[in-house]
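# Analysis of the macromolecular model
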Amino acid sequence: MALSAAKPLIRRHTEIGIFLIGAILIVIFASTSDGRWANLYNIGTIMQVTATLGLMSLGVAIVIGTGEIDISVGSTFGMGALAHLWLAARVDPVFAALAAIVVGAAIGYVNGWLVTRTRTPSLIITLGTLMIFRGIAIALTDGFSFSIPYAARNGWTYFLLGGGDVFGFNTALFWLIAAFAVLLVVLKAMPFGNRLLAVGGSADSAHSRGVRVDRIKLSAFVICGILAAFAGALEAGKLGFADGSMGRLMELQAIASCVLGGCLLAGGRISLIGALMGAFVLSSIQSYLVVTGVQPQWFILILGLIVVGAAYGDKSLRNWAIRK
Amino acid sequence: MTQQPLIQVKNLDLYFGAFHALKNVSVDFNAGELIGLVGDNGAGKTTLIRVLCGIHAPTKGEVFFDGRKVEKFHPKLAIDQGIETIQQSVGLCDNLSIARNFYLGREPVKRILGIPFLDFAKMREKSSRVIRQFGLRENVSADDEVERLSGGERQSVKIGRAVEFKNRVVIMDEPTNHLSVREREHVNELAVQLKEQGLLVIYITHDIFQVHKLADRVVIMENGEKVADASTDSMSAEALEDVIRQGGRVVEKQEAV
Ligand SMILES: Nc1ncnc2c1ncn2[C@@H]1O[C@H](COP(=O)(O)OP(=O)(O)OP(=O)(O)O)[C@@H](O)[C@H]1O
Ligand SMILES: [Mg+2]
């Protein structure tokens, strides 16, 4: 039968599930929203959300690749946004974005350092830092929001860092494509990527071959922190303001993107393109709920239901592919 | 002038939590020697060689390599010193291909603008050529994931890798596990060849009669202790077997003689 010819492909490419789910949802959304979902403006909006969530998901995927997890990224995103906004009103946005990246790297370093030094599960460590940095973000803004005066919202650097569109797409999308391309090459074609996946596959075996397991994990957390904070900076550049709650709950979406996209939480097997597709699917669902006028209070419930359904569908597909 | 041992282990103690895994172990290992390390299950053979290859740091005692005291224990440092190990239960990452496992930690690169990119052609070609000598079937490709391999094929990857990177010391922890008769002989020949090339070979096995034929010297462990250390000329395989069977009690008698 023709269908069973696809089995080896599905077995090898764990991200196929999310692509099928994405394709099905696109058809459903486009055909049931009376043109409100499938139009250029709305697709542009979905892409902007996908870009920031996608950058975060790429970082989370890298950490998952080492067999750890980072759930602090929502707060890192917020801290990146605040750093960017605070500085962009004073210096060139390039320096503001660099500062956001430094903040993200520092948070990633703290996470990685705590995980490797204390040998405590990263789930609980980053749950702690999720709360710590959210607390700091709320304390910094103290109930107000940071914003860039309208007069400062110009210049090509502001434009390039989330503040403008190219070909109808927010510039964040191009950053996402660049980050994806670089990470894909690092992961698949450089020694660092080989060692990173080895650590996730079997930390003991990697260690026995002389791989510095702790350094690899630390680097993964730093990369993840940088991407999350940079995503926050791009989002801040788009909106021009942010309060202490920016990025809240985004960590859950990023993890969902990775898992739906075929990243194995046990480590060692990740799909970057799958994580991006996961981010796209989640953004699409949100947008669908918005354009069809679903009350916002139902968002998270419906999103959760679709995530559970999609995860189940993906699992069934994989089980089917494994069977002879 | 007496030759200085290549590796010298002095009064080594190692605890896993409260469990005393190595008890005051002292052994000299010389270059150009093939040493059999034998003993019951759980005697501490693997633990001892894992100190030598940097996986475990001892709780107490000293290790000297080439006369210099080893201060830091990490597999990377041991590998850089020229110690190559065929591990018993670790060493392969199931999620990676054969070629990627083969070169893990010392990947060959081609630099473009100074950036290191994996040299896939070399990784594939060389790894499959070396591993095929130790029983990897022709229809298995170097790009296949290790997860798919049989026990013998996995072992052949580990052995091939040690041969490729052999330098000064090759440690083999039950290397013939999962291997067919022909490959077993091949590995045993290999151990002798390496020794003849002047390397130190440490060979762990349960097959006393086999190792007695190969080795210059046999070290017996029992319950974390070294209970015998004798050249194969001075002790028959049967005597060795007796020592192991009786948990080392014979030795005191022999030493008393
Ligand atoms: N990482 C560890 N943590 C705790 N205990 C350990 C660890 N590694 C080994 N042990 C214990 O140390 C003892 C010695 O184990 P070791 O693996 O050195 O034995 P062995 O002589 O190699 O045995 P075998 O012939 O079965 O391979 C065993 O009782 C084992 O349970
Ligand atoms: Mg053992």
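To be clear, the structure that these remarks concern was listed above.
This one's a predicted model, so the numbers in the text were calculated from it and none came from an experiment.

### Examining the overall build of chain B
The secondary structure content of chain B amounts to nine helices and 12 strands. In summary, chain B has a C-alpha radius of gyration of 19 Å against a globular reference of 18 Å for 257 residues, a match within 12%. Each principal axis of the C-alpha atoms in chain B carries an extent, and together these give about 65 × 40 × 40 Å. The buried share among the 257 residues of chain B stands at 54%. Considering only contacts within chain B whose residues lie at least 6 apart along the sequence, 66% involve residues at least 24 apart. Split by element, the accessible area of chain B, about 11,900 Å² in all, is 46% carbon and sulfur. The centroid of the 34 positive side-chain charges in chain B is displaced by 5 Å from the centroid of its 37 negative side-chain charges.

### A look at the interface of chain B and chain A
Taken together, the contacts link 32 residues of chain B with 23 residues of chain A. Buried area between chain B and chain A, summed over both chains or domains, comes out near 2,200 Å², and the portion from carbon and sulfur atoms is 54%. Of all residues in chain B, His74, Asn95 and Leu104 of chain B give up the largest surface area on contact with chain A, accounting jointly for 23% of the area buried on that side. For the interface between chain B and chain A, the tally reads four salt bridges. With a shortest N-O distance of 2.9 Å, glutamate 84 of chain B and arginine 209 of chain A are connected by a salt bridge. In this assembly, chain B and chain A are joined by 13 residue pairs in polar contact (both at pLDDT 80 or more). For the side of chain B that touches chain A, the elements supplying multiple residues, two or more each, are α2 (75–81), β6 (83–86), β8 (115–118) and α5 (151–165) of chain B. Along the lines of polarity and charge, the residues of the side of chain B that touches chain A split into 16 nonpolar, seven polar and nine charged.

### Focus: the packing of helix α3 (residues 40–65) of chain A against helix α8 (residues 172–189) of chain A
The description of two packed helices rests on the angle between their axes and on the distance between the axes. All names here are of chain A. Close contact between α3 and α8 brings their axes to 8 Å; oriented N to C, the two are set at 20 degrees. Compared by their axis directions, α3 and α8 come out roughly parallel. In this structure, α3 crosses over α8, and the sense of that crossing is left-handed. Here Met47, Thr50, Ala51, Gly54, Leu55, Leu58 and Ile62 of α3 come into contact with α8, specifically with Ala172, Leu173, Trp175, Leu176, Ala179, Phe180, Leu183 and Leu187. Taken together, the residues of the contact of α3 with α8 break down into 13 nonpolar, two polar and no charged.

### Remarks on the coordination of the magnesium ion (ligand 2)
Around the magnesium ion (ligand 2), the protein supplies Thr46 of chain B (OG1) and Gln88 of chain B (OE1) as donor atoms, at distances of 1.9 to 2.2 Å. Taken together, the residues span a long stretch of sequence, with threonine 46 of chain B in helix α1 (residues 45–52) and glutamine 88 of chain B in the loop between β6 and α3 (98–102) at a distance of 42 residues.

### Side note on the nonpolar core
The tendency in soluble globular proteins is for nonpolar side chains to be buried side by side. One finds Leu55, Leu58, Val60, Leu272 and Ile285 of chain A to be the most contacted residues of the largest nonpolar core, which totals 87 residues. Here this core takes 12 residues from helix α13 (residues 272–291) of chain A, the largest share from any one element. With near-sequence residues (within four places) excluded, isoleucine 285 of chain A lies in contact with Leu25, Phe29, Leu303 and Ile306 of chain A. Grouped together as the second largest cluster of nonpolar side chains are 31 residues, Phe134, Val187, Leu199 and Val243 of chain B included.

### A few points about α5 of chain B
All names here are of chain B. Across its 15 residues, α5 extends 22 Å between first and last C-alpha, which sits within 8% of the 21 Å expected from 1.5 Å per residue. For α5, a buried count of 12 out of 15 residues is recorded, marking the element as mostly surrounded by other parts of the structure. What α5 keeps buried is the set Gly152, Glu153, Gln155, Ser156, Val157, Lys158, Ile159, Gly160, Arg161, Ala162, Val163 and Phe165. Taken together, the buried residues of α5 touch β6, α3, α4 (120–132) and α6 (181–196).

What counts, and at which threshold
Residues numbered from 1 in each chain as written. Chains lettered and ligands numbered in written order. Predicted model: local features only at pLDDT ≥ 70, side-chain atom pairs only at ≥ 80, totals over all residues. Heavy atoms only, no water. Helix = DSSP H or I, 4+ residues; strand = E, 2+ residues; numbered from the N terminus. Rg over C-alpha atoms; globule rule 2.2 N^0.38 Å. Buried < 20%, exposed > 50% of the residue type's maximum accessible area, 1.4 Å probe, protein only. Contact = heavy atoms within 4.5 Å. Areas by Shrake-Rupley, 256 points an atom, 1.4 Å probe, with all protein chains shown as cover. Lys, Arg positive; Asp, Glu negative; His and termini not counted. Charge placed at Lys NZ, Arg CZ, Asp CG, Glu CD. Buried area = accessible area lost by both parts, 1.4 Å probe. Salt bridge = Lys/Arg side-chain N within 4 Å of Asp/Glu carboxyl O. Polar contact = N/O pair within 3.5 Å; in protein donor to acceptor, adjacent residues only side chain to side chain. Nonpolar A, V, L, I, M, F, W, Y, C, P; charged D, E, K, R; others polar. Axes fitted to C-alpha atoms, helices over the stretch in contact; angles between N-to-C directions. Parallel < 35°, antiparallel > 145°, perpendicular 65-115°, else oblique. Left-handed = near helix turned anticlockwise from the far one by under 90°. Donors = N, O, S within 2.8 Å, 3.2 Å for Na, K, Ca; no water. Core = buried A, V, L, I, M, F, W, Y, C linked by side-chain atoms within 4.5 Å. Expected span 1.5 Å × (residues − 1).

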